[in-house]
Amino acid sequence: MCGIVGLHLKNPALHGQLGSLLAPMLDCMTSRGPDSAGLALYHDEGARTVMDVYKDVGLPKEICARYDIASRTGFQGIGHTRMATESAVTTEHSHPFTPTEQLALVHNGSFSNHATIRRRLVREGHVFDTDNDSEVAARYIADQMTKGADLDDAMRMVLKEFDGFFTLLVTTSSQFAVLRDSFACKPAVVAETADYVAFGSEYHALASLPGLAEATVFEPSPEVVYTWSR
Amino acid sequence: MTEMLPRPTARAEPAADEIPADGRRRSHTFPPESIAQIQRMAEEGHYEIRGWGAKRALPSFDDLTFLTASISRYPLEGYREKCETRTVLGSRFASKPIELDIPITIAGMSFGSLSAAAKTALGTAATAVGTSTTTGDGGMSTEERAASQLLVYQCLPSRYGFNLADLRKADAIEIVVGQGAKPGGGGMLLGQKVSDRVAGMRTLPPGVDQRSASRHPDWVGPDDLRIKIEELREATSWEKPVYVKLGATRVTNDVKLAVAAGADVVVVDGMQGGTGATQDVFLENAGIPTLPAVRQAAAALREIEMEDQVQLVVSGGIRSGSDVAKALALGADAVSLGVAPLVALGCNSRTYQRDGISHDATEDYRALGTEPGHCHKMHTGQCPVGIATQDPELEARLDAAAGARRVINYLKSVTMELTTLARACGKSDVHNLEPEDLVALTVEAAAMAGVPLAGTNWIPGEQR
Amino acid sequence: MVQVTEADTVLNCAELSTREVNAALAELPDGTHARITEPWGRHNLAVGLSNSCTIEIAGNAGYFIGGLGAGPAITVHGFVGWSVGENLMSGSITVHGNASECAGASAHGGRLVIHGDASARAGISLKGGTVLVGGDVGHMSGFMAQAGVLLVGGDAGDALGDSLYETVIYVAGRIASLGADARIEELTADDVLTVKRLVDKAGFDHIDPENVKRVASAKQLYNFDALKDQKY
């Protein structure tokens, strides 16, 4: 149970501010998840896209300062503050979960059939780092994509396979995707402008963004996969 | 003496002479109760609804015994030296914690499920012995507020009758996430009990079968619960303790999350906990028994080093002073009783008193298809002794003052049993009972309670 | 967007804790006005108040705004989070912006007006309050609503009015789908009058009271369907 935020910058002019825009968004989510926090940030190095992951135990503000998040640049990033539910408070239990070098997932909610899906993935040879339910979703999506699905399809498969409550934010080297379960009981707000797509568990995580007054703001509908591509 | 032994030809049931022994062989898988249940389902097309709690045999406090004093430990004088029972709940954030004279409270039972006379009797008795009662899923009745000096106001998923004025009149607030009888399920009150007054208090048409929500309408999950708790505190100036009540399932995680969300008191209700009405399948097949629930909840609080700041209240099938003493020894700060005080009031009694005359209620129990001592028909509203009913005729069978006297006697007796055991363990305060004062009589109880099997140092599942 | 109004009391969230803000609001004499500035998504502002004051929140606020209220008239110039006006008893809350999920949850009385959109489960468990939404509402709105009125000026999401009791829902726009036991009923002259009165109170000018749909309970879930044998 947690707070999640994300920012997908459409306008390259904003790439220099990725970290400075995202860090305060994460800080706003402190009360939703005081145990640990983490971020995945994407930037280009020549023709290559690089995903950097930072996660640690403690308050979001301290973690952002520790890793100098505000100075990071790039085209998108997601972040998570965690109130631990079913597994321990450690760095590796912190989100985002990054099963591949390009894929990152943050989750707010609680899956109710993850143990079965985990067993199936383990039988197929997948290796898990934690007992966290969110890691199962991350590895499941990565597995679907390895088998040829695009992110849209993989997210739709999550709807089919996973039971329980979830708001998911998933990023790859080119995409930014949001999905909520059929009940949509865990909060989610999206704001979109010509310059960016922003996601927050609560509206106030978005309130500091430039040009928000002109943004299209909506709460994602249940069982709809929203994706944005570069 | 040999003539006293039964003769080899004697039969226990001579009437069955003509049926060979093999023809009466009982099936363990399909005993007569299972057969009756299947046949009932086939006739009626829905699950069984009933009151009371789990009826199956479960590992319980009965499977533990105290290592009272001898040479290595010295007892207090059982009839003379004081043994403190005072209990404070809600000292973490609330500016006005609840101060109880005994660590035994009355659990939430709704007006609607219970008659007004029953609520009044419980409140009067609790006040007399210096403890609290709890409202239940139907709002605060004027009778209960008047009778009960310390009243815990429940905030349930249904929010029936929940309002700011009553919130302010309450002495503590209990956010009900779940209950032991039906963890994960919502409340139920069948139409027979939804009288005009009950319906009015719940803003519903009289006579509907009230099937309440399982999730709260305005928050889901611990991150949002944290904000909800702050709201209730803000609305009451941070004066009143906030309890969070959980049905015992994933106790370790749930207790830690309730604490993270800001609870002053965590109430853990085990599988034996009672209810006015729910599905039988829920009562018998969901949650964990109270015995392991206490141990897990206490361990969770210790793990996060909050056992001195957050109080643990335990409920679910607690009947006697020995149950209370064992719950306290395993780490509870107080216990909560529901079914037991109803029994003290007269639930399942063969007789009831009206105008000073004793009447036999056996025929009324039979009309419900049961007998005194076995009745779990609270859901019908036809309580033969006037407790779980809204029928004025039946309600008149319970005299609130007489009922209160019986509950006072019962609670006093339980307290005496509790202090008897505590003194014998050398404790001048019942809260000084500890797990090391207990051993288990069965391997199951040893594993669940985390205490050694009697006569050994062995705690199943623990590293030695 | 923020309207500047003469305020008797100004409470700045950047300088005050939620406790300090709410304690100051609770002390306001009837008839006075307070303005809360820089809320920045702060939760639980103006909750549990019973004085008859007017309160203005200048900006976006968080969860449970005006919750449990029994008196004040609260106006928010911005967005609000989950469960605005939850368990409202009386008084009013007006939001010039969008509201997140569960707006007006379990409100027993009073009036909640949302000029923007409300999200999922608007008017859930409603118990007599009036919830007026100028824009759209999300899925499961009016879920298990027991009494009172929900008016939707825009479109309604899926499963509108699921397990409805006695609440009546009026929808000016489209209804994605009805929930279990909810049905569309014929609009009566009384309904038109009611909607006209509500629209006027809310200050909505885009709703034609004669062109709304009335959604109410079919009452098929009031009792177990096996009730006929009276055996439980």
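Residues numbered from 1 in each chain as written. Chains lettered and ligands numbered in written order. Predicted model: local features only at pLDDT ≥ 70, side-chain atom pairs only at ≥ 80, totals over all residues. Heavy atoms only, no water.

*Asks:* How should the overall build of chain B be read in this particular structure?
*Replies:* Looking only at helices and strands, chain B has 15 helices and 18 strands in total. On C-alpha atoms alone, chain B measures out to a radius of gyration of 23 Å, which is about the 23 Å that the 2.2 N^0.38 rule sets for 464 residues. Taken along the three principal axes of its C-alpha coordinates, chain B extends 75 × 65 × 45 Å. For chain B, with 464 residues in total, the buried portion stands at 58%. When contacts within chain B are restricted to residue pairs at least 6 apart in sequence, those whose partners lie at least 24 apart make up 66%. Taken as a whole, chain B presents about 19,600 Å² of accessible surface, with 51% of it coming from carbon and sulfur. In chain B, the 48 positive side-chain charges and the 58 negative ones have mean positions that sit 0 Å from each other. (Helix = DSSP H or I, 4+ residues; strand = E, 2+ residues; numbered from the N terminus. Rg over C-alpha atoms; globule rule 2.2 N^0.38 Å. Buried < 20%, exposed > 50% of the residue type's maximum accessible area, 1.4 Å probe, protein only. Contact = heavy atoms within 4.5 Å. Areas by Shrake-Rupley, 256 points an atom, 1.4 Å probe, with all protein chains shown as cover. Lys, Arg positive; Asp, Glu negative; His and termini not counted. Charge placed at Lys NZ, Arg CZ, Asp CG, Glu CD.)

*Asks:* Honestly, the interface of chain C and chain A in this entry has me stumped. Any pointers?
*Replies:* As a measure of interface size, the accessible area lost when the parts come together is often cited. Listed by partner, the interface residues are 14 residues for chain C and 16 residues for chain A. Contact with chain A buries surface across chain C, with Trp40(C), Phe79(C) and His139(C) losing the most and accounting together for 34% of the total. A salt bridge links Arg180(A) to Glu101(C); the shortest N-O distance between them is 2.5 Å. Scanning the region where chain C abuts chain A turns up nine residue pairs in polar contact (both at pLDDT 80 or more). Its residues assigned to classes, the side of chain C that touches chain A shows five nonpolar, seven polar and two charged. (Buried area = accessible area lost by both parts, 1.4 Å probe. Salt bridge = Lys/Arg side-chain N within 4 Å of Asp/Glu carboxyl O. Polar contact = N/O pair within 3.5 Å; in protein donor to acceptor, adjacent residues only side chain to side chain. Nonpolar A, V, L, I, M, F, W, Y, C, P; charged D, E, K, R; others polar.)

*Asks:* Please clarify how the interface of chain C and chain B should be interpreted in this entry.
*Replies:* Chain C puts 41 residues into the contact, and the matching count from chain B is 42 residues. Taking both sides of the interface into account, the surface hidden between chain C and chain B amounts to around 3,400 Å²; carbon and sulfur atoms contribute 56%. Summed over the shared surface of chain C and chain B, the number is three salt bridges. With a closest N to O distance of 3.4 Å, Glu86(C) and Arg159(B) form a salt bridge. Linking chain C to chain B there are 19 residue pairs in polar contact (both at pLDDT 80 or more). It is helix H1 (residues 18-26) of chain C that provides the largest number of residues to the side of chain C that touches chain B, a total of three residues. When grouped by side-chain class, the residues that make up the side of chain C that touches chain B number 20 nonpolar, 15 polar and six charged.

*Asks:* I tried to follow the sheet that holds strand E5 (residues 104-111) of chain A on my own but got confused; where do I start?
*Replies:* Strands in a sheet are paired, the pairing made by backbone hydrogen bonds, and the direction either parallel or antiparallel. All names here are of chain A. The sheet built from four strands is open, its strands ordered E5-E6-E7-E11 with antiparallel pairing. For this open sheet the edge positions go to E5 and strand E11 (226-229), each flanked by a neighbour on one side alone. Each neighbouring strand pair of the sheet contributes to a mean axis angle of 5°, computed without reference to strand direction. Against the sheet, helix H5 (residues 151-161) contacts strand E6 (164-171), strand E7 (175-180) and E11, and its axis sits at roughly 20° relative to E7. (Pairing = 2+ DSSP bridges. Axes fitted to C-alpha atoms, helices over the stretch in contact; angles between N-to-C directions.)

*Asks:* Before we go on, may I ask you to explain a nonpolar patch on the surface in this structure?
*Replies:* A surface patch of nonpolar side chains, about 270 Å² in accessible area, is lined by Phe30(B), Ile35(B) and Ile38(B). The residue Ile35(B) is located in helix H1 (residues 32-44) in this model. (Patch = residues over 30% accessible without salt bridge, like charges linked within 9 Å, V, L, I, M, F, W, Y side chains within 5 Å.)

*Asks:* What is the right way to read helix H9 (residues 290-303) of chain B from this model?
*Replies:* One full turn of an α-helix is made of 3.6 residues, so residues set three or four places apart face in the same direction. All names here are of chain B. Spanning 14 residues, H9 covers 20 Å between terminal C-alpha atoms, matching the ideal 20 Å at 1.5 Å per step. Inspection of H9 places Thr 290, Leu 291, Pro 292, Ala 293, Val 294, Ala 297, Ala 298, Ala 300 and Leu 301 among the buried residues, and these make up the whole buried set. Along its buried surface, H9 packs onto strand E2 (64-66), helix H7 (251-260), strand E12 (265-269), strand E14 (311-315), helix H10 (321-329) and helix H15 (443-449). Downstream of H9 by a residue or two, Glu 305 has a phi angle that is positive, lying close to 55°. (Expected span 1.5 Å × (residues − 1).)

*Asks:* Quick question: what am I supposed to make of the nonpolar core here?
*Replies:* Looking at soluble globular proteins, one finds that nonpolar side chains tend to be buried together. Core analysis: the largest hydrophobic core is formed by 111 residues, its most contacted members being Leu64(B) and Ile387(B). Here this core gets eight residues from one element, more than from any other, and that element is helix H14 (residues 400-424) of chain B. The contact partners of Ile387(B), leaving out residues within four places of it in the chain, are Ser113(B), Leu114(B), Ser115(B), Ala118(B), Leu342(B), Leu345(B), Gly346(B), Cys347(B) and Leu398(B). In terms of nonpolar packing, the next biggest core, distinct from the first, is built from 44 residues, Ala34(C), Cys53(C), Ile55(C) and Leu150(C) among them. (Core = buried A, V, L, I, M, F, W, Y, C linked by side-chain atoms within 4.5 Å.)

*Asks:* Looking at this structure, I do not really get the confidence of the model for chain C. What am I missing?
*Replies:* Interpretation of the predicted coordinates at a detailed level should be avoided for regions scoring low in pLDDT. All names here are of chain C. Averaged over every residue, the pLDDT of chain C is 94; the share at 70 or more is 94%. For the stretch residues 226-232, pLDDT sits under 50, and the model shows 16 contacts to residues farther than four places along the chain or on other chains. Complex prediction metrics read pTM 0.93 and ipTM 0.94. (pLDDT = per-residue confidence, 0-100.)

*Asks:* Would you mind showing me how to read the UniProt feature "domain: Glutamate synthase" (unreviewed entry) in chain B here?
*Replies:* Residues and elements named next belong to chain B. Under the UniProt annotation, the feature "domain: Glutamate synthase" (unreviewed entry) is placed at residues 93-349 and 375-427. Helix makes up 36% of residues 93-349 and strand makes up 19%, while its end C-alpha atoms are separated by 43 Å. Its end C-alpha atoms 39 Å apart, residues 375-427 is made of 55% helix and 0% strand. (UniProt positions renumbered as here; feature names shortened; annotations may be inferred.)

*Asks:* I'm lost on the sheet that holds strand E8 (residues 172-176) of chain B in this one. Help?
*Replies:* Residues and elements named next belong to chain B. Reading across from one edge, E5-E15-E14-E12-E11-E8-E7-E6 is the order of the eight strands in this open sheet, with parallel pairing throughout. Across the chains shown, the open sheet's two edge strands, defined by having one partner strand only, are strand E5 (104-106) and strand E6 (132-134). Strand-to-strand, the axes of this sheet are offset by a mean angle of 25°, without reference to chain direction. Relative to E14, E12 is paired through five bridges, and the arrangement is parallel. Across the sheet, the residue bridging to Val 265 is Gln 311, located in E14. Contacts from H7 reach strand E11 (242-247) and E12, with the element oriented near 155° to E12. Strand contacts of H9: E12 and E14, with the helix running at about 170° to E14, the strand carrying the most contacts.

*Asks:* Hey, could you run me through the pattern of salt bridges in this one?
*Replies:* One side chain can pair with another of opposite charge once the charged atoms of both are near each other. In total, this model carries 57 salt bridges over all chains according to the counting rule given. The partner of Glu144(B) in a salt bridge is Lys119(B), and the shortest N-O contact between them spans 3.0 Å. In this pair, Glu144(B) sits in helix H3 (residues 142-147) while Lys119(B) sits in helix H2 (residues 116-129), placing the two residues 25 residues apart along the sequence. Owing to a relative accessible area of 1%, Glu144(B) belongs among the buried residues under this scheme. Lys119(B) gets classed as buried once you look at its relative accessible area, which sits at 1%. Residues Lys228(B) and Asp218(B) are paired through a salt bridge, measuring 2.7 Å at the closest nitrogen-oxygen approach. Note that Lys228(B) is positioned in helix H6 (residues 222-235) and Asp218(B) in the loop between strand E10 (210-211) and H6, a separation of ten residues in sequence. Neither residue differs from the other here; Lys228(B) and Asp218(B) are each classed as buried. Linked by salt bridges that have partners in common, Arg32(A), Lys186(A), Glu202(A), Asp223(B) and Asp224(B) make up one network.

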